[in-house]
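Examination of the molecular architecture
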Amino acid sequence: MSRPTDLSTILTPELMKRFHEDGAVVLRGVFSTYWVELVRRGIQRNLEKPSKYAEWLKTGEKSGVYFNDYCNWKEIPEFREYVQNSPAAEVAGTLLRSEWVKFYHEHVLNKEPGTEKPTPWHHDQSYYPINGDKVCSIWMPVDPVSLNNTLRLVCGSHRWGWFIPRKFATENDYISSSADDLHEYKSIPVYDIDSGKYRILEWAVQPGDCIVFHMRTVHGAAGNSSISYQRRVLATRWLGDDATLTTRPWEVSPPIEAVFEEPPCLEQLPTIWSSVK
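What counts and how
Residues numbered from 1 in each chain as written. Predicted model: local features only at pLDDT ≥ 70, side-chain atom pairs only at ≥ 80, totals over all residues. Heavy atoms only, no water. 1 Å grid on protein atoms, 1.4 Å probe; cavity = no way out; pocket = protein on both sides within 12 Å on 5 of 7 lines; lining within 4 Å. Points joined across faces, edges and corners; volume = space filled by probe spheres on them. Helix = DSSP H or I, 4+ residues; strand = E, 2+ residues; numbered from the N terminus. Nonpolar A, V, L, I, M, F, W, Y, C, P; charged D, E, K, R; others polar. Buried < 20%, exposed > 50% of the residue type's maximum accessible area, 1.4 Å probe, protein only. Pairing = 2+ DSSP bridges. Axes fitted to C-alpha atoms, helices over the stretch in contact; angles between N-to-C directions. Parallel < 35°, antiparallel > 145°, perpendicular 65-115°, else oblique. Contact = heavy atoms within 4.5 Å. Left-handed = near helix turned anticlockwise from the far one by under 90°. Core = buried A, V, L, I, M, F, W, Y, C linked by side-chain atoms within 4.5 Å.

For the rest of this paragraph, the subject is the layout of surface pockets. Take a probe with the size of a water molecule and roll it over the atoms, and the empty space left behind shows itself. Taken as a whole, the largest pocket encloses approximately 600 Å³ of empty space. What lines the largest pocket is a set of 32 residues, among which Glu55, Tyr70, Tyr127, Tyr174 and Ser253 lie closest to the centre. When residues of the lining of the largest pocket are traced back to their parent elements, those giving at least two are strand E3 (66-70), strand E4 (100-111), strand E5 (119-122), strand E13 (219-221) and strand E14 (231-239). In the lining of the largest pocket, the residues fall into 18 nonpolar, 7 polar and 7 charged. Of the volumes computed, that of the second largest pocket is approximately 330 Å³. Together, 19 residues line the second largest pocket, and Cys71, Trp73, Lys74, Ala258 and Val259 are the ones closest to its centre.

Listed below in structure tokens is the structure:
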């Protein structure tokens, strides 16, 4: 295992302030070569043996494939070690100002060279049966990601409220069985975002960097315009001490059974980090 990262030099008071005000920050050099190589091997293992939840999305015959899969960390030892022993959990707990953090799930996102399929504007939390404000995602690439291909996040959108999830394949909103269930959810204001109405946060990142964002921060990404690099990312989802289970007016993603036993409860999720030593 690599030497521990000194997070005190990275998670400064100013960066903490930016995370809570903007809903997203970039962290440079958090993950050593050891963790990058470990995750790279795990992603390759996932690509070679995908789960039943995997998707392969593309826009045409000549386009590269956008692959995504999740909830394999118990079967992929590299992911399990990353979740349990890398700096990720401490990063999440410190930024969330939480006494502890639980691990929710991992998500592999691989865009082959020449992938035209974009990641549509969305936020994560409405896909999940999770309420609470101390919740975040850590987006950790194992390939260089240029400004053209990187994650794009709408500054401050974690304070906008709740949005209806969108299907990545079609970019359509999820459908509820009853319109009455949708009173607190809105459609993502795609036109306003694309027209430049809001400030967009975006960073070119290298292996070892990561982007951390609130689960209600609206984000998306272009395809992968590179003709030589894959854009392989491991995204991990973390829950702090105010998280609670809830229901949504649609089938949640990942499905309940992919994360929880029946009956589901947060106590089933592993607590990976605590501020109390």
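A separate point is the pairing of E3. For a regular strand, side chains alternate in direction, first toward one face of the sheet and then toward the other. By the criterion of burial, E3 is predominantly enclosed, with 5 of the 5 residues buried. Every second residue of E3 is oriented toward a common face, with Tyr66, Asn68 and Tyr70 on one face and Phe67 and Asp69 on the other, all of them buried. Here strand E2 (residues 55-57) pairs with E3 via 3 bridges, running antiparallel. Bridging from a neighbouring strand, glutamate 55 pairs with asparagine 68 of E3. Across 5 bridges, E3 lies against E4 in antiparallel orientation. Along E4, the bridge assignment pairs aspartate 69 with valine 108.

This paragraph deals with the packing of helix H1 (residues 13-22) against helix H4 (residues 88-96). Where H1 contacts H4, the axes come no closer than 9 Å and their chain directions differ by 75°. When the axes of H1 and H4 are compared, the pair comes out roughly perpendicular. Each of Leu15, Met16, Phe19 and His20 in H1 lies in contact with H4, whose residues at this interface are Thr94, Leu95 and Leu96. Residues that form the contact of H1 with H4 fall into these classes: 5 nonpolar, 2 polar and no charged.

Following both chains from N to C, one finds helix H2 (residues 33-48) and helix H3 (residues 77-85) inclined at 140°, their axes separated by 7 Å at the closest point. By the criterion of interaxial angle, the relationship of H2 to H3 is oblique. Read as a crossing pair, H2 and H3 show a hand that is left-handed. Each of Tyr34, Trp35, Leu38, Val39, Arg41, Gly42, Ile43, Arg45 and Asn46 in H2 lies in contact with H3, whose residues at this interface are Pro77, Glu78, Phe79, Glu81, Tyr82 and Asn85. Here the contact of H2 with H3 is built from residues that sort into 8 nonpolar, 3 polar and 4 charged.

This part covers the nonpolar core. Grouped together as the largest cluster of nonpolar side chains are 40 residues, with contacts concentrated most on Leu27, Phe31, Tyr82, Leu95, Ile138, Val212 and Trp238. For this core, the element with the most residues is H4, which contributes 6 residues. For valine 212, the contacting residues outside a window of four places in its chain are Phe19, Gly23, Ala24, Val25, Leu27, Val91, Leu95, Cys136, Ser137 and Ile138. In terms of nonpolar packing, the next biggest core, distinct from the first, is built from 38 residues, Cys155, Leu201, Ile211 and Leu239 among them.

The next thing to look at is the sheet that holds E13. Read from one edge of the open sheet, 4 strands run E5-E13-E8-E11, paired in antiparallel fashion. Strand pairing shows two members of the sheet lacking a second neighbour, E5 and strand E11 (200-202), which therefore form its edges. Adjacent strand axes in the sheet meet at a mean angle of 25°, parallel and antiparallel pairs treated alike. Sheet analysis places strand E8 (residues 151-154) next to E11, joined by 3 bridges and oriented antiparallel. Along E11, the bridge assignment pairs valine 154 with isoleucine 200.

Most of strand E12 (residues 210-214) sits out of view: 5 of its 5 residues are buried. Burial of the side chains of E12 extends over both faces: Cys210, Val212 and His214 are buried on one face and Ile211 and Phe213 on the other. Here strand E1 (residues 24-27) pairs with E12 via 4 bridges, running antiparallel. Counterpart to alanine 24 in the pairing with E12 is phenylalanine 213. Sheet topology places strand E7 (residues 135-141) next to E12; 4 bridges connect them, and they run antiparallel. Within E12, the position partnered with cysteine 136 by the bridge is histidine 214.

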